[in-house]
Amino acid sequence: MGTRDETVILRAAVVLLCSVGLLAAWMPTAAALWLSLPTSATKCVSEEIHAGVVAMADYAVIHDDDPRNIPTISVKVTAPNGDTLHHRGNITIGQFAFTSNEPGTYLACFWLDGANRGAGTSVGIDWKIGIAAKDWESIAKKEKIEVASCFFFESAKGVELELRKLEEAVEVIHENLLYLRNSN
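Since we're looking at a predicted model, the values are computed, not measured.

Enquirer: I would appreciate a short explanation of the packing of aromatic side chains in the present structure.
Expert: Working definition: an aromatic ring pair is given by the centre-to-centre distance plus the angle between the planes. Taken as a whole and judged by the stated rule, the model has five aromatic pairs. Ring centres of tyrosine 59 and phenylalanine 96 lie 6.2 Å apart, and the angle between their planes is 35°; this geometry places the pair in the tilted category. Here tyrosine 59 is found in strand E3 (residues 54–62), whereas its partner phenylalanine 96 is found in strand E6 (residues 93–99), with 37 residues between them in sequence. Ring centres of phenylalanine 96 and phenylalanine 98 lie 6.2 Å apart, and the angle between their planes is 15°; on these two criteria the pair is classed as stacked. One aromatic cluster in this structure is built from Tyr59, Phe96, Phe98, Tyr106, Phe110 and Trp127.

Enquirer: Which parts of the structure should I look at to understand the nonpolar core?
Expert: One recurring pattern in soluble globular proteins is that nonpolar side chains are buried together. The biggest cluster of nonpolar side chains holds 23 residues, and the ones touching the most others in it are Tyr59, Ile73, Phe96, Phe98, Phe110, Ile125 and Trp127. When contributions to this core are tallied by element, the ones reaching two or more residues are strand E1 (33–37), strand E2 (43–49), E3, strand E4 (73–78), E6, strand E7 (104–112) and strand E8 (121–129). When sequence neighbours within four positions are dropped, the list of residues in contact with isoleucine 125 reads Ala32, Leu33, Leu35, Val45, Asp58, Tyr59 and Phe110.

Enquirer: Looking at this structure, how should I read the sheet that holds E7?
Expert: Strand pairing within a sheet occurs via backbone hydrogen bonds; the two strands may be parallel or antiparallel. The four strands are arranged E2-E7-E4-E5 in an open sheet whose pairing can be described as antiparallel. Strand pairing shows two members of the sheet lacking a second neighbour, E2 and strand E5 (84–91), which therefore form its edges. Mean inter-strand twist for the sheet, computed between neighbouring axes without regard to direction, equals 10°. Across five bridges, E4 lies against E5 in antiparallel orientation. Following the sheet pairing, valine 75 is matched in E5 by arginine 88.

The rules behind the values
Here the residue numbers are simple positions, counted from 1 along each chain's written sequence. In view of the model being predicted, local features appear only for residues whose pLDDT reaches at least 70, and side-chain atom pairs are presented and counted only at 80 or more, with totals across whole chains, interfaces and linings using the full set of residues. Hydrogens are left out, water is left out, and the side-chain values use all remaining heavy atoms of the structure. Between rings of Phe, Tyr and Trp, where Trp is taken as its six-membered ring, a pair exists when centres lie within 6.5 Å; planes separated by under 30 degrees are stacked, by over 60 edge-to-face, and by other angles tilted. Each helix is a run of H or I in the DSSP string that is no shorter than four residues. Each strand is a run of E no shorter than two, and both are numbered from the N terminus. Throughout this description, the term nonpolar core refers to a set of buried Ala, Val, Leu, Ile, Met, Phe, Trp, Tyr and Cys residues connected via side-chain atoms within 4.5 Å. Relative accessibility under 20% of the residue-type maximum defines a buried residue, over 50% an exposed one, and the middle range a partly exposed one, all with a 1.4 Å probe and only protein chains included. Here a residue-residue contact requires only that any non-hydrogen atoms of the pair lie within 4.5 Å. Note: two strands are recorded as paired if DSSP finds a minimum of 2 bridges between them. Angular values range over 0 to 180 degrees, each being the angle between N-to-C directions of two axes fitted as lines to C-alpha atoms, with helices fitted over their stretch in contact.

Here you go:
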């Protein structure tokens, strides 16, 4: 195969990767979850996570009624065995991160602090797990990989990072299939 053929194949691969990336960016996805907190109860979200998986989340109180007087909340994240992984009180914004030690259901619970019991509010949560939680920009810098640019098809530079992401996604899918097969 000559260099001209290799260039054509490489350009086609870059166009395909960029098209998939643009399609994924265009498709509607849930970037965050909003919970309406009741005035006197706890609201929880859960996620089934395998062992050894990185999870991270950002959360913030969303209160449109009076931006100067935002209610504070408490947050508690627990592992399947009941261990507390994160616990904060009297806050309006925060984040948590952990690597799961065991497979199972991880629970994040939110409630209004005592002084705010009369005011209903919402909490926005952006919970990322596995490859979605990875900081691909830092990985690219650390490993000296260029980030792909879909506007310049003359070069293969930058394609490596996108291929790494796809490779990791395939590995995660394979692990999930093995987990499902073994759990039946």
